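Coordinate inspection notes
Below are the chains, spelled out letter by letter.
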Amino acid sequence: MPVTGFIEGENTLHIKQLELNGILWVNIESPTSNETEFLAQNYAFHHLDLDDCLSRIQRPKVDEYEEYLFIVMHFPLFKKDARVTVPSQLSIFIGENYLITLHSGELKPLVKLFRDCELHAQSRRENMRSPGYLLYRIVDRLVDYCLPILGKIMENIEQVEDALFSSRRTRETVYQLSVLRRDIISYRRIIWPMRAVVASLERRTNRFTDEDMEAYWGDVVDHVDKIWDTLDECKEIIEGLNDTSSSLYSFRTNEVIRVLTVISTIMLPLTVVTGFMGMNVPLPGGSVGVTNWMPFSILLATMLCVIVGMLVYFHRRNWI
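Attention here is on the structure that accompanies the text. It should be emphasised that the depicted structure is a prediction, and the values quoted were computed from it without experimental measurement.

A look at the pattern of salt bridges
Here the structure, examined in full by the defined rule, presents twelve salt bridges. The partner of Lys-112 in a salt bridge is Asp-116, with the nearest N and O atoms 3.1 Å apart. Of the two residues, Lys-112 and Asp-116 are both situated in helix H4 (residues 108–119); the distance of four residues between them amounts to about one turn of the helix. For Lys-112, a relative accessible area of 48% corresponds to the partly exposed category. Take Asp-116: its relative accessible area is 18%, and that puts it in the buried class.

A few points about the nonpolar core
Core analysis: the largest hydrophobic core is formed by 54 residues, its most contacted members being Trp-25, Ile-71, Phe-75, Ile-138 and Tyr-187. Of all the secondary-structure elements, those providing two or more residues to this core are strand E1 (15–20), strand E2 (23–29), strand E4 (69–79), strand E5 (84–94), H4, helix H6 (131–164), helix H7 (171–205) and helix H8 (214–277). Here this core gets 15 residues from one element, more than from any other, and that element is H6. Residue contacts for Trp-25: discarding those within four places in its chain leaves Lys-16, Gln-17, Leu-18, Leu-99, Thr-101, Leu-110, Leu-113, Phe-114, Cys-117, Met-128, Leu-134 and Ile-138. Grouped together as the second largest cluster of nonpolar side chains are 18 residues, Leu-13, Val-26, Phe-45 and Cys-53 included.

Re the packing of H6 against H7
Helices that pack against each other are described as a pair by the angle of their axes relative to one another and the distance between those axes. Contact geometry of H6 with H7 gives a least axis separation of 11 Å together with a crossing angle of 160°. Taken together, the axes of H6 and H7 are roughly antiparallel relative to one another. Handedness of the H6/H7 crossing: left-handed. Residue-level contacts link Leu-135, Val-139, Cys-146, Ile-149, Leu-150, Ile-153, Asn-156, Ile-157, Val-160, Ala-163 and Leu-164 of H6 to Thr-173, Gln-176, Leu-177, Leu-180, Asp-183, Ile-184, Tyr-187, Leu-201 and Thr-205 of H7. Broken down by class, the residue content of the contact of H6 with H7 amounts to 15 nonpolar, four polar and one charged.

Here we look at the packing of H4 against H6
Taken N-terminus to C-terminus, the directions of H4 and H6 make an angle of 140°; their axes are 8 Å apart at the nearest point. Classed by the angle they form, the pair H4 and H6 counts as oblique. Between H4 and H6 lies a crossing of right-handed hand. Contacts between H4 and H6 pair Lys-108, Pro-109, Leu-110, Leu-113 and Asp-116 from the former with Arg-137, Ile-138, Arg-141, Leu-142 and Tyr-145 from the latter. Taken together, the residues of the contact of H4 with H6 break down into six nonpolar, no polar and four charged.

What to know about the environment of Arg-129
Topologically, Arg-129 is positioned in the loop between helix H5 (121–127) and H6. Taking the relative accessible area as the measure of exposure, Arg-129 reaches 43% and is therefore partly exposed. Distance from Arg-129 to Thr-209, taken between C-alpha atoms, is 8.2 Å for residues 80 residues apart in sequence. Excluding residues that lie within four positions of it along the chain, Arg-129 makes contacts with Ile-23, Glu-211 and Tyr-216.

Here's the deal with the pairing of strand E3 (residues 61–64)
Bridging between E3 and E4 involves four bridges; their strand directions are antiparallel. When the bridges of E4 are listed, Glu-64 appears paired with Leu-69. Joining the antiparallel neighbours E3 and E4 is a turn of four residues.

Notes on the packing of aromatic side chains
Here the structure, examined in full by the defined rule, presents 14 aromatic pairs. Considering the side-chain rings of Trp-192 and Trp-228, the 5.2 Å spacing of their centres and the 45° angle between planes classify their relative orientation as tilted. In this pair, Trp-192 is assigned in helix H7 and Trp-228 in helix H8, connecting sequence segments 36 residues apart. Through a chain of ring-to-ring contacts, three or more aromatic side chains come together here, namely Tyr-43, Phe-45, Tyr-65, Tyr-68, Phe-70, Phe-93 and Tyr-98. Positioned above the aromatic ring of Tyr-133 is the side chain of Arg-129, whose terminal nitrogen or guanidinium carbon lies 4.2 Å from the ring centre.

Regarding the side chain of Thr-85
Here Thr-85 lies in strand E5. On the basis of relative accessible area, Thr-85 is assigned to the buried category, the value being 0%. Within the structure, Thr-85 has its side chain in polar contact with the side chain of Asp-183 (distance 2.6 Å). Sequence-distant contacts of Thr-85, that is, excluding residues within four places in its chain, are made with Pro-76, Leu-77, Phe-78, Ile-149, Asp-183, Ser-186, Tyr-187 and Ile-190.

What counts, and at which threshold
- Residues numbered from 1 in each chain as written.
- Predicted model: local features only at pLDDT ≥ 70, side-chain atom pairs only at ≥ 80, totals over all residues.
- Heavy atoms only, no water.
- Salt bridge = Lys/Arg side-chain N within 4 Å of Asp/Glu carboxyl O.
- Helix = DSSP H or I, 4+ residues; strand = E, 2+ residues; numbered from the N terminus.
- Buried < 20%, exposed > 50% of the residue type's maximum accessible area, 1.4 Å probe, protein only.
- Core = buried A, V, L, I, M, F, W, Y, C linked by side-chain atoms within 4.5 Å.
- Contact = heavy atoms within 4.5 Å.
- Axes fitted to C-alpha atoms, helices over the stretch in contact; angles between N-to-C directions.
- Parallel < 35°, antiparallel > 145°, perpendicular 65-115°, else oblique.
- Left-handed = near helix turned anticlockwise from the far one by under 90°.
- Nonpolar A, V, L, I, M, F, W, Y, C, P; charged D, E, K, R; others polar.
- Pairing = 2+ DSSP bridges.
- Phe/Tyr/Trp six-rings, centres within 6.5 Å; stacked < 30°, edge-to-face > 60°.
- Lys NZ or Arg CZ within 6 Å of the ring centre and 35° of its normal.
- Polar contact = N/O pair within 3.5 Å; in protein donor to acceptor, adjacent residues only side chain to side chain.

Now the structure itself:
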């Protein structure tokens, strides 16, 4: 049975709890082995579940036991320094009359919800009806928190699209496009496994509440599906912009090569003339009264042999 009342060493252990009508919510931020040891001493949790609470690479899942459920979920968290969305893990134990959340403290909606329930009795009455309903309220807030991040991605896509088709197109635009593409891929990796977990919660948590939660969880599933569909749309847009960027830069490169080819073609005859006239051999018209066609004939024959040899080589390589 869970411990109620004041937790000794609460500040040291980073453990806070709320209780209403026999429903206990234990919130643990930045859990360490000390906190998991406390849970092991007061709850009959499997030791592997407690180990998973400290793991940063655990996949989202729902482990079902006779007396409780252990849930692992990942929610997106945008890192401004790295300019990429990363997963933040939330571990949950839910039983007949308790709910325990373990997280890093970076999920602002969860932190705010616990703070509101801690300060306001009305908020406790609204959210802590039962462990199953409290779980819904937590997941619903965190899923809704995904939408502003998604909106920011859409806004960044529009900005990159405008820059791509304007005269301001630079290497920075290509870099921004690559950063956005990485961000969308990272976001999709977070949302994809969470869809199955959220879809299964209504069926698996109905024993922890007396309310009919089908409509509530259905609304959460709809929001998750909407996020996934929007991410699919973003993926298609970013891939299209990437192809467009490659086409625009290929066209620009071809234009530069065309200009350089024209210049080279103009300079080629001049190079041939200056090369001929600069050779230190007797040439027709080179000196007054000297007419010797032999060196000139040998040069022409040599040049023709080189040209024919190169054409034959190119033909055998299937270049022409």
